[in-house]
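Listed below, chain by chain, are the residues.
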Amino acid sequence: MKRISVFCLILHFLALRFCGAADHNASSIVFTTLGRLDYYFDIFTLPIQGGLPSAATETRITDAKSVNFNGHFPNLTRIQSHTPPDPSLQLIYVTERNGFSNIYYDAVYLTSLTTSGGRRSALEVSDRVQVPLLSLEQGQNRLSMKDRPSLTGDYLVYVSTHEDSGVPRTSSAAVYSTHINSGVTQRLTPHGIADFSPAVSPSGVWTAVASYGPKGWDGEVEELSTDIYVFLTRDGTQRVKVVEHGGWPSWVDESTIYFHRRGEDQWWSIYRAILRREGPSSTESVVVQRVTPPGLHAFTPATSPGNREFIAVATRRPTSSFRHVELFDLLRNEFKELTRLVSPQTHHFNPFISPDSSRVGYHKCRVNGNGEESPKLFLQNIDSRIPNLSILRIDGSFPSFSPAGDLIAYVNFPGVYVVNVDGSNRRHVYPGAAFSTAWDPVRKGVLYTGAGPDFAPESTEVDIISITVDDVDQASFKKLTTNGKNNAFPSPSPDGKRIVFRSGLSGHKNLYIMDAEDGERSGLHRLTEGMWTDTMCNWSPDGEWIAFASDRDNPGSGSFELYVIHPNGTGLRKVIESGSGGRTNHPWFSPDGKSLVFTSDYGAISAEPISNPHHYQPYGEIFTINLDGSDLRRLTQNSYEDGTPVWIPHFIKPTDVQWPIERPGCEFEDLHWLSKMGPSYGVGAASWVLNKPICGV
């Protein structure tokens, strides 16, 4: 009886382990997103009037489970989900669930938003409504990023990326309106154009956006070179450019728009555009005035209808490493601090003001003293919609899976780690700087990486090492290259006998092949040769091809495209065009060797980078493509930096996996380039004249 029980347990374990993997075509793609699994964002609110803000007067509105951001307070009469009385607080916001965003509506019925006993969370209130305002269509091509919602009458106006532009490096971000009751959706942005950060005027007649217009994105990663356009909300017609150089518009009345831009003195500041009250406006007729002074960065302005007394802004002061929400008094030309008085060591993003000017909202991390902590995820499920393919985001860079599929190696700068697929038994197997990981397909427990600094020139000391992770006491490693000429991105052949890697040995980064055990001591075979960079190589499972990224069409430009080549140096061909100046990087073969997964800026940029935490490249999505260049598919849709994907022949259950041990959260950084304070700090800021007009721009 005991033997039968043990046998049944073994069968049960195997069934669980390989559940969903009976189909030999089932597989998984795992990738990383810089900082994303630390974004425990919830939307909070503070009263504007009264005494100093404090933890006792701050209210959390959203669910403390999802990633919730970019809110909007609609007029209380706009949506009636319950019988009277009207809800005390209504909110429209973006929420990310299963890797994709949607727009939700929350109504909270409170007798008082705060209590004398301390901070009150709206989650404590049972009488509340939470509903999605947009249905997520079943078709794969309908999954998209949603952003910056606002409600006017019965129409929701927002950004969506669900219509592919079809052109490399052209954003799919466009403004749409959806009738709340019928679900009828209309595109307001012209085809071939990308619009960001829409704002609807108080009457609902006009919508303002940040847009490139016909010129398109040119690869900016800090301030976008957008202009402000205005068009009719009902159908997108009468579109006209009203401001050159600006973003994040916000209306006060039908002829006054506040927006941000970085001035010639390098300070991000808020500006005011005064449009003509009658007749068509243009950049020549609009008067633009600077509102906030130099000496600090101020951006993402928020207004309320008819309020000419104050605006809300996010700031980065030279005296702080965190962005905060402050009010700017338009009559006294002075700031009033809000969130720093509540949580000084937390970033606060993208403020918005209630229609009656009584409350300000924003999003921030819900940990570090902001309520109960959410468990940190090791793997996050991303809705796939592709049969037999699971897609997951991992808390680590350059992931790779052992041949048995039971271990994951990844980089957490600095150092290489190995962990079980359920997040348990995390081990630090190499302490130094390293990037990229690849397992030996034959020798159990052997892992390869490039040891040394990343993003380094050809002469930088980086070498390929092998790490034996199964050693009893601690992992051991040995150097396979010793020349120190930036040797990186090792990928073993399927028989485990050879390794392809990139090296700067010749003075240019090209591909080489060496013995997997003896390394360069047995000699090097040069696979590619030229005055360009060939890098990020991956050997196909059948051994026939090596995929890599290269800038050979425009050496030194930073523009990379994907190529494949046979290990004997024949058959070189390009798989995909990146578009002018584009980047397609980090290719990895599918288990059947017929497709590649990679990261690319093919979809351009989807939101203003300043509205997010730090990303080195505020763009980059995960794509797949067949080796013949057909069937290009976009797997992720967001405004983050997705990268370093791996495609494995094991089906990982599409569900979130928590770290089994406590892991710190909210460790992301603010934009690095916001720390570069303007040159005028401390010099001449006091003598700057507020409301100084800048003619014609």
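Residues numbered from 1 in each chain as written. Predicted model: local features only at pLDDT ≥ 70, side-chain atom pairs only at ≥ 80, totals over all residues. Heavy atoms only, no water.

- An unreviewed UniProt entry lists the protein under the name DPP6 N-terminal domain-like protein, with Prunus dulcis given as the organism.

### Observations concerning the sheet that holds strand β28 (residues 389–394)
Next up, step 1: Ordered by their spatial adjacency, 5 strands build an open sheet running β49-β1-β28-β27-β50, and the pairing between neighbours is mixed. A strand with exactly one partner marks an edge of an open sheet, and here the two such strands are β49 (642–648) and β50 (657–658).
Next up, step 2: In the sheet, strand β27 (residues 377–382) pairs with β50 via 2 bridges, with the strands oriented antiparallel. In the strand pairing of β50, leucine 377 is matched with glutamine 658. (Pairing = 2+ DSSP bridges. Helix = DSSP H or I, 4+ residues; strand = E, 2+ residues; numbered from the N terminus.)

### Notes on the environment of glycine 99
Next up, step 1: Residue position: glycine 99 is located in the loop between β5 (89–97) and β6 (100–108).
Next up, step 2: Exposure remark for glycine 99: the relative accessible area of 9% places this residue in the buried category.
Next up, step 3: Taking the C-alpha atoms as reference points, glycine 99 and serine 384, 285 residues apart in sequence, are found 9.2 Å from one another.
Next up, step 4: Residues in contact with glycine 99, not counting those within four places in the same chain, are Gln380, Asn381 and Ile382. (Buried < 20%, exposed > 50% of the residue type's maximum accessible area, 1.4 Å probe, protein only. Contact = heavy atoms within 4.5 Å.)

### A look at the packing of aromatic side chains
Next up, step 1: One pass over the full model with this rule turns up 25 aromatic pairs.
Next up, step 2: Their ring planes at 80 degrees and their centres at 6.5 Å tell us that phenylalanine 398 and phenylalanine 413 sit as a pair that is edge-to-face. Highlighted residues: phenylalanine 398 in strand β29 (residues 397–401) and phenylalanine 413 in the loop between β30 (407–411) and β31 (416–420), separated in sequence by 15 residues.
Next up, step 3: The rings of Tyr39, Phe41, Phe349, Tyr640 and Phe668 are connected pair by pair, giving a single aromatic cluster.
Next up, step 4: Sitting over the ring of phenylalanine 335, arginine 317 keeps its end group 5.3 Å from the ring centre.
Next up, step 5: Above the ring of tyrosine 563, the side-chain terminus of arginine 552 is found at 5.4 Å from the ring centroid. (Phe/Tyr/Trp six-rings, centres within 6.5 Å; stacked < 30°, edge-to-face > 60°. Lys NZ or Arg CZ within 6 Å of the ring centre and 35° of its normal.)

### Here's the deal with the nonpolar core
Next up, step 1: The biggest cluster of nonpolar side chains holds 45 residues, and the ones touching the most others in it are Val416, Val418, Leu447, Ile467, Val500, Ile546 and Leu596.
Next up, step 2: Setting aside residues no more than four positions away along its own chain, valine 416 makes contact with Tyr410, Val411, Arg427, His428, Val429, Tyr430, Ala434, Thr437, Leu447, Thr449 and Ile467.
Next up, step 3: Core analysis: the second largest hydrophobic core is formed by 19 residues, Val175, Ala210, Tyr229 and Tyr619 among them. (Core = buried A, V, L, I, M, F, W, Y, C linked by side-chain atoms within 4.5 Å.)

### Some thoughts on the side chain of serine 611
Next up, step 1: Here serine 611 lies in the loop between β46 (595–600) and β47 (621–626).
Next up, step 2: The exposure class assigned to serine 611 is buried, which follows from its relative accessible area of 3%.
Next up, step 3: What serine 611 contacts, discounting residues up to four positions off in sequence, is Trp248, Arg323, Phe349 and Asn350.

### What about the sheet that holds strand β45 (residues 584–589)?
Next up, step 1: Spatially, the 4 strands line up as an open sheet ordered β45-β46-β47-β48, and their pairing is antiparallel. On the outer flanks of this sheet lie β45 and β48 (633–634), each paired with one strand and no other.
Next up, step 2: Of the pairings in the sheet, the one linking β47 to β48 comprises 2 bridges and is antiparallel in character. Across the sheet, phenylalanine 623 pairs through a bridge with arginine 634, a residue of β48.

### Some thoughts on the state of the cysteines
Next up, step 1: Going through the model one piece at a time under the given rule, you end up with 1 disulfide.
Next up, step 2: For cysteine 365, the disulfide goes to cysteine 666, at an S-S distance of 1.7 Å. On the sign convention where negative is left-handed, the bridge of cysteine 365 and cysteine 666, at about -90 degrees about the S-S bond, is left-handed. With cysteine 365 in strand β26 (residues 359–365) and cysteine 666 in the loop between β50 and β51 (693–694), this pair connects stretches of sequence that are 301 residues apart. The residues cysteine 365 and cysteine 666 share a single accessibility class, namely buried. (Disulfide = S-S within 2.5 Å.)

### Remarks on the pairing of β46
Next up, step 1: Judged by how many residues are buried, β46 sits mostly within the fold: 6 of 6 residues are covered.
Next up, step 2: Both faces of β46 are covered, namely the face carrying Ser595, Val597 and Thr599 and the face carrying Leu596, Phe598 and Ser600.
Next up, step 3: The antiparallel pairing of β45 with β46 creates a hairpin that spans 5 residues between the two strands, and glycine 593 there sits at a positive phi of about 75 degrees.

### Remarks on the pattern of salt bridges
Next up, step 1: Taken as a whole and assessed by the stated rule, the structure comprises 35 salt bridges.
Next up, step 2: Of the charged contacts in the structure, one is a salt bridge between glutamate 337 and arginine 340, with a shortest N-O distance of 2.8 Å.
Next up, step 3: In this structure glutamate 337 comes out as partly exposed when scored by relative accessible area, which is 25%.
Next up, step 4: A network of salt bridges, in which partner residues are shared, links Asp553, Glu561, Lys574 and Glu577. (Salt bridge = Lys/Arg side-chain N within 4 Å of Asp/Glu carboxyl O.)

### What to know about unusual backbone geometry
Generally, phi is negative for residues other than glycine and the peptide bonds are trans, each holding for most cases.
Next up, step 1: For the bond from phenylalanine 413 to proline 414, the omega torsion is -5 degrees, close enough to zero to count as cis.
Next up, step 2: Backbone geometry places arginine 385, a non-glycine residue, at a positive phi of 65 degrees.
Next up, step 3: Among the secondary structure elements, arginine 385 is positioned in the loop between β27 and β28.
Next up, step 4: On the basis of relative accessible area, arginine 385 is assigned to the partly exposed category, the value being 27%.
Next up, step 5: The backbone of alanine 604 shows a phi angle near 60 degrees, a positive value even though the residue is not glycine.
Next up, step 6: With respect to the helices and strands, alanine 604 occurs in the loop between β46 and β47.

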